[in-house]
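# Residue-level structural notes
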Amino acid sequence: MKKSLVLVINCGSSSLKFSLMEPNSGEEVFNGIAQCLLLNNASISFKMNGEKQELSLKAPFDHDVAISALVAFINNNHLFHQITAIGHRVVHGGEKYCHPTLITPKVKQQVHKLAKLAPLHNPANLVGIEAAEKVFGHLAQVAIFDTAFHQTMPEKAYIYGLPYSLYKEHGIRRYGFHGTSHYFVAKQASIHLNKPLEQCNLISAHLGNGCSISVIADGKSVDTSLGFTPLEGVVMGTRSGDVDPGIIFYLVNQLGYSLDQVDNLLNKESGLLGISGLSNDCRTIEAELLSGNVRAKLAIDVFCYRIAKKIASFSASLQTLDGLIFTGGIGENSSTIRGLILNQLSLLGFTVDEQLNLEKRFGQQGNINSTNSRACWVIPTNEEWVIAEQTQRLLTSIGE
Ligand code: AMP
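Residues numbered from 1 in each chain as written. Predicted model: local features only at pLDDT ≥ 70, side-chain atom pairs only at ≥ 80, totals over all residues. Heavy atoms only, no water.

### Considerations on the UniProt feature "binding site: substrate" (unreviewed entry) in the protein
In the UniProt entry, the feature "binding site: substrate" (unreviewed entry) is given for Arg 89. Mapped onto the elements, Arg 89 comes out in strand 6 (residues 83–90). The contact partners of Arg 89, leaving out residues within four places of it in the chain, are Ile 9, Asn 10, Asn 125, Ile 144, Asp 146, Glu 383 and Ile 387. In terms of polar contacts, Arg 89 uses its side chain to reach the side chain of Asn 10, at 3.5 Å. (UniProt positions renumbered as here; feature names shortened; annotations may be inferred. Helix = DSSP H or I, 4+ residues; strand = E, 2+ residues; numbered from the N terminus. Contact = heavy atoms within 4.5 Å. Polar contact = N/O pair within 3.5 Å; in protein donor to acceptor, adjacent residues only side chain to side chain.)

### Notes on empty space enclosed by the protein
Taken as a whole and assessed by the stated rule, the structure comprises 1 cavity of 30 Å³ or more. Lining the largest cavity are Ile 159, Tyr 160, Leu 162, Pro 163, Tyr 164, Leu 166, Tyr 167 and Ile 172. Across the lining of the largest cavity, the residue classes tally to 8 nonpolar, no polar and no charged. (1 Å grid on protein atoms, 1.4 Å probe; cavity = no way out; pocket = protein on both sides within 12 Å on 5 of 7 lines; lining within 4 Å. Points joined across faces, edges and corners; volume = space filled by probe spheres on them. Nonpolar A, V, L, I, M, F, W, Y, C, P; charged D, E, K, R; others polar.)

### Side note on the sheet that holds strand 6
The strand order across the open sheet built from 8 strands is 5-4-3-2-1-6-8-7, with neighbouring strands paired in mixed fashion. On the outer flanks of this sheet lie strand 5 (51–56) and strand 7 (101–102), each paired with one strand and no other. Against the sheet, helix 15 (residues 383–397) makes contact with strand 1 (5–11), strand 2 (16–21), strand 6, strand 7 and strand 8 (140–145), and its axis sits at roughly 120 degrees relative to strand 6, the strand it touches most. (Pairing = 2+ DSSP bridges. Axes fitted to C-alpha atoms, helices over the stretch in contact; angles between N-to-C directions.)

### Structural notes on helix 8 (residues 259–268)
All of the buried residues in helix 8 are Val 262, Leu 265 and Leu 266. Taken down its axis, helix 8 places every buried residue within 85 degrees of arc, on the same side. Away from its buried face by more than 90 degrees, helix 8 exposes Asp 260 and Lys 268. Along its buried surface, helix 8 packs onto helix 7 (246–253). (Buried < 20%, exposed > 50% of the residue type's maximum accessible area, 1.4 Å probe, protein only. Arc of directions from axis to C-beta.)

### Side note on the nonpolar core
Counting residues in hydrophobic clusters, the biggest one holds 41 residues, and the most contacted among them are Leu 207 and Ile 341. When residues of this core are traced back to their parent elements, those giving at least two are strand 9 (202–207), strand 10 (211–217), helix 10 (282–290), helix 11 (294–314), strand 12 (323–327), helix 13 (335–343) and strand 14 (375–378). Contact partners of Leu 207, with chain neighbours within four places excluded, come to Ile 213, Ile 307, Phe 326, Thr 327, Gly 328, Gly 329, Ile 330, Gly 331, Ile 337 and Ile 341. Among the nonpolar cores identified, the runner-up in size contains 33 residues, and Val 29, Ala 42, Leu 57 and Ile 86 belong to it. (Core = buried A, V, L, I, M, F, W, Y, C linked by side-chain atoms within 4.5 Å.)

### Structural notes on the site of the ligand
All residues in the neighbourhood of the ligand are listed as Gly 208, Asn 209, Asp 281, Cys 282, Arg 283, Glu 286, Gly 328, Gly 329, Ile 330, Asn 333 and Ser 334. Measuring from an oxygen atom of the ligand, one finds a side-chain N or O atom of Asp 281 at 3.3 Å. Its free accessible area being 500 Å², the ligand has 72% of it covered by the protein chains. Structurally, the ligand is housed in the second largest pocket. Going through the elements one at a time, helix 10 and helix 12 (328–333) are the ones with two or more residues in the shell around the ligand. It is helix 12 that contributes the most residues to the shell around the ligand, 4 residues altogether. (Near = heavy atom within 4 Å. Areas by Shrake-Rupley, 256 points an atom, 1.4 Å probe, with all protein chains shown as cover. Sits in = over half its atoms within 2 Å of the grid points.)

### Focus on the layout of surface pockets
Counted as a void, the second largest pocket has a volume near 590 Å³. In this structure, the second largest pocket is lined by 19 residues; those nearest its centre are Asp 281, Cys 282, Arg 283, Gly 329 and Asn 333. Taken together, the elements giving at least two residues each to the lining of the second largest pocket come down to helix 10, helix 12, helix 13 and helix 14 (354–359). Among the residues forming the lining of the second largest pocket, the class breakdown is 4 nonpolar, 9 polar and 6 charged.

### Quick word on the pairing of strand 5
The side chains of a regular strand alternate, residue by residue, between the two faces of the sheet. Across the 6 residues that make up strand 5, only a small minority, 0, are buried. Here strand 4 (residues 43–48) pairs with strand 5 via 6 bridges, running antiparallel. Directly across from Met 48, in strand 5, lies its bridge partner Glu 51. Adjacent in sequence and paired antiparallel, strand 4 and strand 5 are bridged by 2 residues, among which Asn 49 carries a positive phi angle near 50 degrees.

### Points about the environment of Ile 275
Relative to the elements of secondary structure, Ile 275 occurs in helix 9 (residues 271–276). Assessed through its relative accessible area of 22%, Ile 275 is described here as partly exposed. With 44 residues separating them along the chain, Ile 275 and Leu 231 place their C-alpha atoms 16 Å apart. Leaving out residues up to four positions away in the same chain, Ile 275 has contacts with Val 235, Arg 295, Leu 298, Ala 299 and Val 302.

As structure tokens, this is what we get:
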């Protein structure tokens, strides 16, 4: 039977992730990724019905070539005519975009303008939009912004302790990211709670290579740990999270760092990688922890303590707390990290059920709290489904 399918595109500067799915059920037809774009070892892989296929891309190895390979795959599988729309992940929507938005030349101009707030992401997202428009120009293209879910934060949560003119004149405020993921897992938690999302009070911890904690009151984001850029907040894979800004002056004035070197240090050489000196991959660090590596232990201790502190401080934003959610590559798979964080949060009424915690990995969803504890769930995120579903919903509402 013919289905209406949405193609979801998440374009980075050197990669293009895609997923073709049925937007109501979230059923995925295939997914894949083009990697190492603009390099001469660029490749594209497709996963369909559990089988993986990898192809080398031809020169000029760019996003257009990746989209052409994607279209060839779609045609070979007779799926082209089932695609009804394209949903694009766009990282920064600033204050302007708090809803899914039909992409027009004006919207593209605004996304381009917002590139000054997300120089690594928005230009790459635009490249993906334009490459897709060349082939799927007959279809509506919709932007789903990663910042949108957090646009409900109150002023007291998003204003920095800086001169107010920096906000008014230059947009320097906290925006938050990972919004699509926090929204998805909060919605899933509302199903576990058997009440509408609008009545749920939650804290969600998206722990992957990038990490963020969000606090959700009555279904709306009221605070989140990532800020003006995705550098603020808890310790991440290679990003430092919060540090005393005075350290930057010390690095520059006393140790002779250039600003580019500081940027690189805080974004690419810090976090789990910087503390452990081993890797940004939690699996490697956990393996080293088991063999007694003290720096691996320190990295995990700092990582978990900072996250627990952020969760505890975010409880101040809520009148009640229905539960805590773990998601992202680490949150979905690491019982060690989840256990350490929960053990630090006994004052908030969390105790872990060791067996349930151990069982939750590789996409399993459910509670990990003991019977007398506040609820805590592991919920695998699915940003693609949100993008497909919101794309479809927008088009239905405007009668496309
Ligand atoms: P993400 O950015 O959400 O894809 O998450 C990526 C991170 O998840 C990787 O860097 C790993 O550190 C972590 N991860 C994935 N699988 C596991 C696992 N089984 N145990 C611990 N960490 C994991």
